[in-house]
Amino acid sequence: MMRVHIEQITEQGLALDFEEPAQTFPALMELEATGAGTFTAPVKTALRARLFGDMVQVKGIISTRVRLTCARCLKTFDAPLTSRFEVTYTQRPAGEKKANQQEEIELDAGDMGLIYFEGEQINLLEAIQEQVILALPIKALCSPTCKGLCPGCGADLNQGKCSCDRRVPGGAFAALKNLNLGKK
Ligand SMILES: [Zn+2]
Ligand SMILES: [Zn+2]
């Protein structure tokens, strides 16, 4: 599992090179269920944990592969997904008993970009799956220059031109033509 054992972090830091199947991450499986994409490779981490006082900084790269559907030509394609990761964890303050007080402190920690952990281990799973999801393109394109499909015949315009007349129907020119016809 993707955990950091605090006592294993030395002065040089601790390398966290994990490889976990996408099925390990509930949020990634939820995303697959929506049809937004399929993970075709395990999630790999090349991270390093360092101690700064009682804070633990985890920094590095996460990578995987994802199969997406091009928003223009509807082809499925496999794309590498890489994300920079930098999260600082801090020990949850002990002795906080009042629920309200606890909530207030959590908000403060969130404001500073900190995540609380309890005990001697940090579970990286949540932060990792969040980063993977953030790294997904908002609009999936098989190529930035994808020409998409012809709206007339559905031909893949990346394969070459189709025989449709591609002047936009209802465009400025067509409107003028109609106007002239009306004057007859
Ligand atoms: Zn495309
Ligand atoms: Zn066409």
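The structure we're discussing is the one just above.
Residues take numbers from 1 onward in each chain, read along the sequence in its written order. Written order decides the labels, with chains lettered from A and ligands numbered from 1. Local features are withheld for residues below a pLDDT of 70 in this predicted model, meaning they are given only at 70 or higher, and side-chain atom pairs are given and counted only at 80 or more; totals for whole chains, interfaces and linings count all residues. Only hydrogens and water are set aside; all other atoms, that is, all heavy atoms of the structure, feed into the side-chain values.

*Asks:* How should I be thinking about the coordination of the zinc ion (ligand 2) in this particular structure?
*Replies:* Metal coordination angles in their ideal form are 109.5 degrees for the four-donor tetrahedron and 90 or 180 degrees for the six-donor octahedron. Coordination sphere of the zinc ion (ligand 2), protein contribution only: C150 (SG), C153 (SG), C162 (SG) and C164 (SG), at 2.3 Å. Because the angles between the 4 donor atoms bound to the zinc ion (ligand 2) fall within 105 to 114°, the donor set is best described as tetrahedral. For C162, a relative accessible area of 18% translates into the label buried. Only nitrogen, oxygen and sulfur atoms within 2.8 Å of the metal, or 3.2 Å for Na, K and Ca, are treated as donors, and water is left out, so sites may look incomplete. Here a site with four donors is tetrahedral if all angles are between 85 and 135 degrees, and a site with four or six donors is square planar or octahedral if opposite donors are over 155 degrees apart and the other angles are between 65 and 115; anything else gets the irregular label. The classification of residues rests on relative accessible area computed with a 1.4 Å probe and restricted to protein chains. Under 20% of the type maximum is buried, over 50% is exposed, and intermediate values are partly exposed.

*Asks:* Just to check I follow, could you spell out the coordination of the zinc ion (ligand 1) for this structure?
*Replies:* Donor atoms from the polypeptide that coordinate the zinc ion (ligand 1) comprise C70 (SG), C73 (SG), C142 (SG) and C146 (SG), at 2.3 Å from the metal. Seen from the zinc ion (ligand 1), its 4 donor atoms lie at angles of 106 to 113°, and the figure they make is tetrahedral. As a motif over one chain, the donors of the zinc ion (ligand 1) read C-x2-C-x68-C-x3-C. Exposure class is identical for C70 and C73. Each is buried.

*Asks:* Please clarify how unusual backbone geometry should be interpreted in this entry.
*Replies:* Glycine aside, the phi torsion of most residues is negative, and most peptide linkages are trans. Even without being a glycine, L74 presents a positive backbone phi close to 65°. By relative accessible area, which is 55% here, L74 ends up exposed.

*Asks:* Would you explain the pattern of salt bridges in this entry?
*Replies:* Any two side chains of opposite charge can pair, so long as their charged atoms come close to each other. When a carboxyl oxygen of Asp or Glu is within 4 Å of a side-chain nitrogen of Lys or Arg, the pair counts as a salt bridge. As enumerated under the stated definition, the model contains 4 salt bridges in all. A salt bridge links R65 to D78, with the shortest nitrogen-to-oxygen separation between them at 3.6 Å. Of the two residues, R65 sits in strand β5 (residues 55–69) while D78 sits in strand β6 (residues 76–91), which places them 13 residues apart along the sequence. Look at D78 and you get partly exposed, because its relative accessible area is 32%. As a salt-bridge pair, E118 and R92 come within 3.1 Å of each other at their nearest N and O atoms. Of this pair, E118 sits in the loop between β7 (114–117) and β8 (121–123) while R92 is found in the loop between β6 and α2 (99–111), placing the two residues 26 residues apart along the sequence. Helical segments are the DSSP runs of H or I of at least four residues, strand segments are the runs of E of at least two, and each set is numbered from the N terminus.

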